[in-house]
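# Coordinates in review
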Amino acid sequence: KEVTVDVDSKHQPAKPHWYERYVQPCVAELLGSTLFIFIGCLSVVEDAGGTGRLQPALAHGLALGLTIAILGNI
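A brief report on the enclosed structure follows. (Residues numbered from 1 in each chain as written. Predicted model: local features only at pLDDT ≥ 70, side-chain atom pairs only at ≥ 80, totals over all residues. Heavy atoms only, no water.)

It is worth spelling out the overall build of the protein chain at this point. Looking only at helices and strands, the protein chain features two helices and zero strands. Across the 74 residues that make up the protein chain, the buried fraction comes to 12%. If you sum the accessible surface of the protein chain, you get close to 6,700 Å²; carbon and sulfur atoms cover 64% of it. (Helix = DSSP H or I, 4+ residues; strand = E, 2+ residues; numbered from the N terminus. Buried < 20%, exposed > 50% of the residue type's maximum accessible area, 1.4 Å probe, protein only. Areas by Shrake-Rupley, 256 points an atom, 1.4 Å probe, with all protein chains shown as cover.)

Moving on to a nonpolar patch on the surface. Residues W18, Y19 and Y22 make up a contiguous nonpolar surface patch of roughly 400 Å² in combined accessible area. Residue placement: W18 occurs in helix 1 (residues 18–42). (Patch = residues over 30% accessible without salt bridge, like charges linked within 9 Å, V, L, I, M, F, W, Y side chains within 5 Å. Salt bridge = Lys/Arg side-chain N within 4 Å of Asp/Glu carboxyl O.)

So, on to helix 2 (residues 54–71). The first and last C-alpha atoms of helix 2 sit 25 Å apart over 18 residues, in line with the 26 Å expected at 1.5 Å per residue. Listed in full, the buried residues belonging to helix 2 are P56, A59, A63, T67 and L71. Seen from one end, helix 2 has its buried residues packed into an arc of 65°, which puts them on one side. Residues L54, L62, I68 and A69 are exposed on helix 2 and point more than 90 degrees away from its buried face. Looking at the packing, one finds that the buried side of helix 2 touches helix 1. (Expected span 1.5 Å × (residues − 1). Arc of directions from axis to C-beta. Contact = heavy atoms within 4.5 Å.)

Over its 25 residues, helix 1 runs 35 Å from end to end, which matches the ideal 36 Å to within 8%, given 1.5 Å per residue. Taking the largest bend as the criterion, helix 1 deviates by roughly 35°, centred on Q24, and proline P25 comes between one and four positions later. Along helix 1, the positions that sit buried rather than exposed are A28, G32 and G40. In the core, the buried residues of helix 1 are packed alongside helix 2. (Bend = angle between axes of the 7 residues up to and from the residue.)

This next bit is on the environment of L62. Among the structural elements, L62 can be located in helix 2. Sequence separation of L62 and I39 is 23 residues, and the distance between their C-alpha atoms is 9.1 Å.

Tracing the chain through its elements places V45 in the loop between helix 1 and helix 2. Between the C-alpha atom of V45 and that of P56, which follows or precedes it by 11 residues, the distance is 9.8 Å.

See the structure below:
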């Protein structure tokens, strides 16, 4: 018996599950926005003298970087 293999056949990637397509991005957006706003608000609760606008700006920048690093692949 001779077995023939179709070399030109391409495997189509499986469609993502509905959870990965709809729910996961919404949860990631909610979590990222919550983290960003929470850290930003906490950065101005106790204002250290002399920092001015630097402290909230750094806190927001670091929160945004952290959020992108954690949730960016979703």
